[in-house]
Amino acid sequence: MKPAARLGALCLALCCLGGARGLWRSDSHEWHKLIMVHHWPATVCKEVKNHCKDPPDYWTIHGLWPDKSEGCNRSWHFNPEEIKDLLPDMKIYWPDLLHPSPNRSLHLWKHEWEKHGTCAAQLEALNSQKKYFGKSLDLSKELALNSTLQKLGITPSTYYQISDIKDALVSVYGVVPKVQCLPKQGGEEVQLLAQIEVCFSRDLQLQDCMAPGGPAPRGPEARPAASLGLEVCKDGVLFYPALNKTNH
């Protein structure tokens, strides 16, 4: 084979080797921060009505989302074998609240990897399925949202000013979170606490999700909660509902 032909074959081989997993390198998928999202099962289940089955009574992970991109590599499919060592923790901290089937959580984890994980994989610390889900679990445990809220005296079955919840979280984490609610509906008097987002920089350091007193985000950053009908909590009162297990 001539040198030029060998060079061409080598380039083609390298392209094929890098192929699928290199697609996320496109500039169109650049992102600036990661959003660690926890949601409150009592509110999620109220929104989706009869889809929940035996939901936990603690905050669970929804996902770890890059802020400006999604679906960065549609050929890099979820493989549960890659995270089998993480499954005991995944089932506790990251259950699927919306798909009550025997393997229900696989649906959520597949969705989170293919939509968000393939974009987060731009970072070496997140560039495999095991790294992405493992680091998400680590960040969740570091934030310790459930125990943090309890220590702050923020407990279910209680009304709060949204500003009091945000200020309390800032006092612990040192950054401004984003707090999302289920808007007032039919028989509800106030919005319901639904989701709390805490943000990290690309080097996995805590950073503000929203500027203090700033407007609600718009565009891609505001979309992920839309499927559940959630929105950034409006100033004023919210209710932190308790889980009513008799309804599930």
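Preceding this paragraph is the structure being described.
Here's what I pulled together on the structure shown here. (Residues numbered from 1 in each chain as written. Predicted model: local features only at pLDDT ≥ 70, side-chain atom pairs only at ≥ 80, totals over all residues. Heavy atoms only, no water.)

Topic: the state of the cysteines
In total, this model carries four disulfides according to the counting rule given. Between the sulfur of Cys-181 and that of Cys-233 lies a disulfide, 2.1 Å long from S to S. Torsion about the S-S bond of the Cys-181 and Cys-233 cystine: about 95°, corresponding to right-handed handedness. Highlighted residues: Cys-181 in strand 4 (residues 178-182) and Cys-233 in the loop between strand 7 (231-232) and strand 8 (237-240), separated in sequence by 52 residues. Its relative accessible area of 0% is what places Cys-181 among the buried residues. Linked covalently through their sulfurs, Cys-199 and Cys-209 form a disulfide whose S-S length is 2.0 Å. Looking down the S-S bond of the Cys-199 and Cys-209 bridge, the torsion is 110°, so its handedness is right-handed. With a gap of ten residues between them, Cys-199 in strand 5 (residues 191-201) and Cys-209 in the loop between strand 6 (206-207) and strand 7 connect regions that are remote in the sequence. (Disulfide = S-S within 2.5 Å. Helix = DSSP H or I, 4+ residues; strand = E, 2+ residues; numbered from the N terminus. Buried < 20%, exposed > 50% of the residue type's maximum accessible area, 1.4 Å probe, protein only.)

Digging into the nonpolar core
Membership of the largest hydrophobic core comes to 49 residues, with the highest contact counts inside it found for Leu-34 and Phe-133. Aside from chain neighbours lying at most four places away, what touches Phe-133 is Phe-78, Ile-83, Leu-86, Met-90, Trp-94, Trp-109 and Trp-113. Among the nonpolar cores identified, the runner-up in size contains seven residues, and Trp-65, Val-176, Cys-199 and Met-210 belong to it. (Core = buried A, V, L, I, M, F, W, Y, C linked by side-chain atoms within 4.5 Å. Contact = heavy atoms within 4.5 Å.)

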